[in-house]
Amino acid sequence: EAAVTQSPRNKVAVTGGKVTLSCNQTNNHNNMYWYRQDTGHGLRLIHYSYGAGSTEKGDIPDGYKASRPSQENFSLILELATPSQTSVYFCASGDLGQSNSDYTFGSGTRLLVI
Amino acid sequence: AQKVTQTQTSISVMEKTTVTMDCVYETQDSSYFLFWYKQTASGEIVFLIRQDSYKKENATVGHYSLNFQKPKSSIGLIITATQIEDSAVYFCAMRENSNNRIFFGDGTQLVVKP
């Protein structure tokens, strides 16, 4: 079954430290996405990718970098983590080629920056 | 401007009744895709149903159906015969055909009471 796997599931980081969140998909999807979700809010797009080697800025890219080294993997990088980046991060993948295809989400990574 | 708006923050219904959740969207594209997702208490985000803008027939999957009113830019989710396990946060989302970005509403919390 197609899946999106995020690691780690939980992470505690120190302010100013570097954090890398990883996402792997077995769907062979071209498009991948990174969102953050804060309490009581919807999903806000940070970065996305059309395929290996490509990254695009979403709505809130400041303080984040992304890397898509392969079709399967898409990473989100916080070079200098700040407490305001404490959130739950979701990765998703999807292509809309088939009539009822959709976007598949990972289980999320809970990040606490102290 | 927010592309997807869900005005209902929270809805409470009795089990086995029908509930409708509202969603309006904003787009200049003539072709677009609309989705509803469910986020469970554990945080998992699950795809429910999809409506393509060019399709006149409302999508139906199990006890989920859509009320697509294109002239009003509205895509309501209807859940019939609600069950306790339908209690969750429901997100409406849109993807324009001209780009790969997906916009989410802020979600509607549904509570189904026995």
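In the block above lies the structure referred to throughout.
An account of the accompanying structure is given in this report.

Definitions and limits used
Residues numbered from 1 in each chain as written. Chains lettered and ligands numbered in written order. Predicted model: local features only at pLDDT ≥ 70, side-chain atom pairs only at ≥ 80, totals over all residues. Heavy atoms only, no water. Disulfide = S-S within 2.5 Å. Helix = DSSP H or I, 4+ residues; strand = E, 2+ residues; numbered from the N terminus. Buried < 20%, exposed > 50% of the residue type's maximum accessible area, 1.4 Å probe, protein only. Salt bridge = Lys/Arg side-chain N within 4 Å of Asp/Glu carboxyl O. Pairing = 2+ DSSP bridges. Contact = heavy atoms within 4.5 Å. Buried area = accessible area lost by both parts, 1.4 Å probe. Polar contact = N/O pair within 3.5 Å; in protein donor to acceptor, adjacent residues only side chain to side chain. Patch = residues over 30% accessible without salt bridge, like charges linked within 9 Å, V, L, I, M, F, W, Y side chains within 5 Å. Areas by Shrake-Rupley, 256 points an atom, 1.4 Å probe, with all protein chains shown as cover.

**Describing the state of the cysteines**
Okay, step 1: Taken as a whole and judged by the stated rule, the model has 2 disulfides over all chains.
Okay, step 2: Covalently, Cys23 of chain A is tied to Cys91 of chain A through a disulfide, its sulfur atoms 1.9 Å apart. Residues Cys23 of chain A and Cys91 of chain A are joined by a disulfide whose S-S torsion is about -80 degrees; by sign, that bridge is left-handed. Taken together, the positions of Cys23 of chain A in strand β3 (residues 19–25) and Cys91 of chain A in strand β9 (residues 87–94) put the pair 68 residues apart, joining distant regions of the chain.
Okay, step 3: A relative accessible area of 0% means that Cys91 of chain A is categorised as buried.
Okay, step 4: Covalent S-S linkage joins Cys23 of chain B and Cys92 of chain B, the inter-sulfur distance amounting to 2.0 Å. As the torsion about the S-S bond is roughly -75 degrees, the Cys23 of chain B-Cys92 of chain B disulfide counts as left-handed.

**Comments concerning the pattern of salt bridges**
Residues and elements named next belong to chain A.
Okay, step 1: Per the counting criterion, the structure on display carries 6 salt bridges over all chains.
Okay, step 2: The partner of Arg44 in a salt bridge is Asp38, and the shortest N-O contact between them spans 2.5 Å.
Okay, step 3: The structure contains a network of salt bridges with shared partners spanning Arg36, Asp38 and Arg44.

**Quick notes on the pairing of strand β2 (residues 10–14) of chain B**
Residues and elements named next belong to chain B.
Okay, step 1: With burial as the criterion, only one face of β2 is covered, namely that bearing Ile11 and Val13; the residues Ser10, Ser12 and Met14 on the opposite face remain uncovered.
Okay, step 2: Taken together, the 5 bridges between β2 and strand β12 (residues 108–113) define a ladder with parallel strand orientation. The residue of β12 that forms the bridge with Val13 is Val112.

**What to know about the interface of chain B and chain A**
Okay, step 1: Contacts between the two partners involve 20 residues from chain B and, on the opposite side, 25 residues from chain A.
Okay, step 2: Of the roughly 2000 Å² buried at the junction of chain B and chain A (both faces included), carbon and sulfur atoms supply 51%.
Okay, step 3: Linking chain B with chain A are 1 salt bridge.
Okay, step 4: A salt bridge links Arg101 of chain B to Asp59 of chain A, with the nearest nitrogen and oxygen atoms 2.0 Å apart.
Okay, step 5: Applying the counting rule to chain B against chain A returns 6 residue pairs in polar contact (both at pLDDT 80 or more).
Okay, step 6: Going through the elements one at a time, β5 (32–39), β6 (45–52), β10 (88–96) and β11 (102–104) of chain B are the ones with two or more residues in the side of chain B that touches chain A.

**Structural notes on the pairing of β12 of chain B**
Residues and elements named next belong to chain B.
Okay, step 1: Residues Thr108, Leu110 and Val112 point to one face of β12 and are all buried, whereas Gln109, Val111 and Lys113, pointing to the other face, are not buried.
Okay, step 2: Here β10 pairs with β12 via 3 bridges, running antiparallel. Each bridged residue has a counterpart across the sheet, and for Tyr90 the counterpart in β12 is Thr108.

**Describing a nonpolar patch on the surface**
Okay, step 1: Judged by side-chain polarity, Val12, Val14, Leu112 and Ile114 of chain A come together as a nonpolar surface patch covering roughly 380 Å² of accessible area.
Okay, step 2: Considering the arrangement of structural elements, one finds Ile114 of chain A in the segment after β11 (109–113).

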